[in-house]
Amino acid sequence: MKTGKLTVSCMTLGTILMATKVMLSYGKILPYSNGFDTILVGIALVCFVTRILTQKYSGKTLTIYFAISVLALYSCIQAKNNSILITVVTLFALRNYDINKFLKTIFKVESFWCGFHVVYSLLYSIFVSWDKYLLYLDGRYRFSFGFTHANTFSALLFCNLMLYIWLNYESNLSKALLKTTIVECIAFAFTNSRTSMATYIILVFLILIRNTSAGRKLTKLLCEFGIPAFSICFISLLKGYIKGNPLSYLVDAVLTSRVKLGAYAYKDYGMTFVGQYVKYLNNISWDQKWQLNSFTFDNIYSFLAISVGVVWIVVLSLAYYKCAKKLDTKSLIFMGIWIIYGLSETTILNGYFCFPVFLLVKILGNSVDARQYDDNEHLLNY
């Protein structure tokens, strides 16, 4: 019993700390430092490792998990980004744990912090000044709600709304879609973030056609081949952009400079198998050819190929392919949206930012199926 209590408390504590880390690291209201970030991540990882060690593994399984974790650690050190390591360790800790209970904890924590930022930023703007959070970006007025960028808030909110739909999928789907649509539209009016709105529309579309033969085939194909297909296509576009290919420039215009950003890094660094650090991530000089004042990866496929490592494209492709063969349509819809959202976000590598990657736990021999529980009862107690 003591082990059981320790296991539950470690998993819950680690989840709370990691969800808090994600929200505060992107916020501008509360003080947040690299040192504090390291403390949160460190304690959370200790909790998850403790949870892993309390489970019964065969020597072969433990060896595989250890090897993957070491690879993730090495890639993260090389790329100076810990998203992969956080997600991998959490996935191993989630084995034989109620996935819905885990996701509810994330939803509660991130909803609290999201609400805190919204309320504070609105009150500050009304009673003090609008200048701090109302920004004029890209020819548009956009409200950041106390986060580093309006797009950041929009992305965090979208992922939280997606999580809300997941938790209410079996019992109150219609009401959940109505509520989230209203919230997403209001958020769009403030942030003018087209990417999140477009991805939300795709999510609703896939849900609406989920019971059709075409809908099931589409979501399955997306999860089977989406990651390798998008990776190959995007790497080809980067090479084409450097050579002046018109198609690359056209796609770049549609994806608002995401091809150009990837090509800028690719010309100097090429691809890496296990990870490398892109040094000019936030420090570049403007020139006439590239016309960039700052740099960031805004596409998960270029980010994986150039910085984190091609090996993770392979691992994710194989894992998603296996999921497509085994998992239900509900899971594949949300995992498919993760793949699509990767066209415009790199932060989704961290499952606490965008949860569907955590559904990979279902192919790790997870014996606790959320369908064994009464979803209505869970949501009433929520």
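Residues numbered from 1 in each chain as written. Predicted model: local features only at pLDDT ≥ 70, side-chain atom pairs only at ≥ 80, totals over all residues. Heavy atoms only, no water.

(A) Spotlight on the overall build of the chain. Along its length, the chain carries 15 helices and two strands. Computed over the C-alpha atoms, the radius of gyration of the chain is 21 Å, within 12% of the 21 Å expected from 2.2 N^0.38 for a compact globule of 382 residues. With the C-alpha coordinates aligned to their principal axes, the bounding extent of the chain is approximately 65 × 50 × 50 Å. Taking as baseline every contact in the chain between residues at least 6 positions apart, the subset at least 24 positions apart corresponds to 72%. Of the roughly 17800 Å² of accessible surface on the chain, 63% is carried by carbon and sulfur atoms. Distance from the positive charge centre (35 side chains) to the negative charge centre (18 side chains) of the chain: 6 Å. (Helix = DSSP H or I, 4+ residues; strand = E, 2+ residues; numbered from the N terminus. Rg over C-alpha atoms; globule rule 2.2 N^0.38 Å. Contact = heavy atoms within 4.5 Å. Areas by Shrake-Rupley, 256 points an atom, 1.4 Å probe, with all protein chains shown as cover. Lys, Arg positive; Asp, Glu negative; His and termini not counted. Charge placed at Lys NZ, Arg CZ, Asp CG, Glu CD.)

(B) Highlighting the pattern of salt bridges. For the structure shown, the criterion picks out five salt bridges. The salt bridge involving Lys21 is made with Asp37; its shortest N-O contact spans 2.6 Å. Of this pair, Lys21 sits in helix H1 (residues 2-25) while Asp37 is found in helix H2 (residues 34-53), placing the two residues 16 residues apart along the sequence. The class for Lys21 is buried, based on a relative accessible area of 8%. A salt bridge links Glu170 to Lys330, with the shortest nitrogen-to-oxygen separation between them at 3.2 Å. One end of the pair, Glu170, is in the loop between helix H6 (150-167) and helix H7 (173-191); the other, Lys330, is in helix H14 (residues 329-341), and 160 residues separate them in sequence. (Salt bridge = Lys/Arg side-chain N within 4 Å of Asp/Glu carboxyl O. Buried < 20%, exposed > 50% of the residue type's maximum accessible area, 1.4 Å probe, protein only.)

(C) Structural detail: the environment of Ser154. Relative to the helices and strands, Ser154 is located in helix H6. For the pair formed by Ser154 and Phe143, sequence separation is 11 residues and the distance between their alpha carbons is 9.9 Å. When sequence neighbours within four positions are dropped, the list of residues in contact with Ser154 reads Thr191, Ser193 and Ser196. Separated by 3.3 Å, the side chains of Ser154 and Ser193 make a polar contact. (Polar contact = N/O pair within 3.5 Å; in protein donor to acceptor, adjacent residues only side chain to side chain.)

(D) Spotlight on the confidence of the model for the chain. Per-residue confidence for the chain gives a mean pLDDT of 89; residues scoring 70 or more make up 92%. The secondary structure element of the chain with the lowest average pLDDT is helix H15 (residues 375-381), at 33, and the one with the highest is H14, at 97. In this model residues 369-382 is a low-confidence stretch, pLDDT under 50, and it forms 21 contacts with partners more than four residues away in sequence or in other chains. (pLDDT = per-residue confidence, 0-100.)

(E) A look at the nonpolar core. If you look at the biggest cluster of nonpolar residues, it comprises 122 residues, and the most contacted ones within it are Phe102, Tyr320, Phe334 and Trp338. Examining the composition of this core, we find that 12 residues originate from one element, H6, more than from any other. Beyond its immediate stretch of four places on either side in the chain, Phe102 contacts Met11, Thr15, Thr90, Leu94, Tyr97, Tyr352 and Phe358. (Core = buried A, V, L, I, M, F, W, Y, C linked by side-chain atoms within 4.5 Å.)

(F) Fine view of helix H5 (residues 99-127). Taking 1.5 Å of rise per residue, 29 residues should cover 42 Å, and H5 covers 42 Å from first to last C-alpha, within 8% of that figure. Measuring from the side-chain oxygen of the N-cap residue of H5 to the backbone nitrogen of Asn100 gives 3.1 Å; that N-cap residue is Asp98. (Expected span 1.5 Å × (residues − 1).)

(G) The arrangement of the state of the cysteines in detail. Counted under the stated rule, the structure contains zero disulfides. Cys159 carries a free sulfur, and the closest cysteine sulfur to it, the one in Cys354, is 3.7 Å from it. A residue is classified by how much of its surface remains accessible, and Cys159, at 3% relative accessible area, is buried. In this structure Cys233 is not part of a disulfide, and its nearest cysteine sulfur, from Cys223, lies 17 Å away. Take Cys233: its relative accessible area is 48%, and that puts it in the partly exposed class. (Disulfide = S-S within 2.5 Å.)

(H) Here's a closer look at a nonpolar patch on the surface. The grouping of Val119, Leu123, Ile126, Phe127, Val128, Trp130, Leu134, Tyr136 and Tyr141 at the surface amounts to a nonpolar patch, some 1000 Å² of accessible area in total. Contributing elements (two or more residues each) for the nonpolar patch: H5 and strand E1 (134-137). With four residues, H5 is the single largest residue contributor to the nonpolar patch. By the secondary structure assignment, Leu134 is in strand E1. (Patch = residues over 30% accessible without salt bridge, like charges linked within 9 Å, V, L, I, M, F, W, Y side chains within 5 Å.)

(I) Focus on the packing of H6 against helix H8 (residues 194-208). One way to put it is that H6 packs onto H8 with a least axis distance of 10 Å and a crossing angle of 15°. Here H6 is positioned roughly parallel relative to H8, judged by the angle of their axes. Classified by chirality, the crossing of H8 by H6 is right-handed. On H8, the residues that touch Ser154, Ala155, Phe158, Met162 and Ile165 of H6 are Ser196, Thr199, Tyr200, Leu203 and Ile207. A class-by-class count of the residues in the contact of H6 with H8 yields seven nonpolar, three polar and no charged. (Axes fitted to C-alpha atoms, helices over the stretch in contact; angles between N-to-C directions. Parallel < 35°, antiparallel > 145°, perpendicular 65-115°, else oblique. Left-handed = near helix turned anticlockwise from the far one by under 90°. Nonpolar A, V, L, I, M, F, W, Y, C, P; charged D, E, K, R; others polar.)

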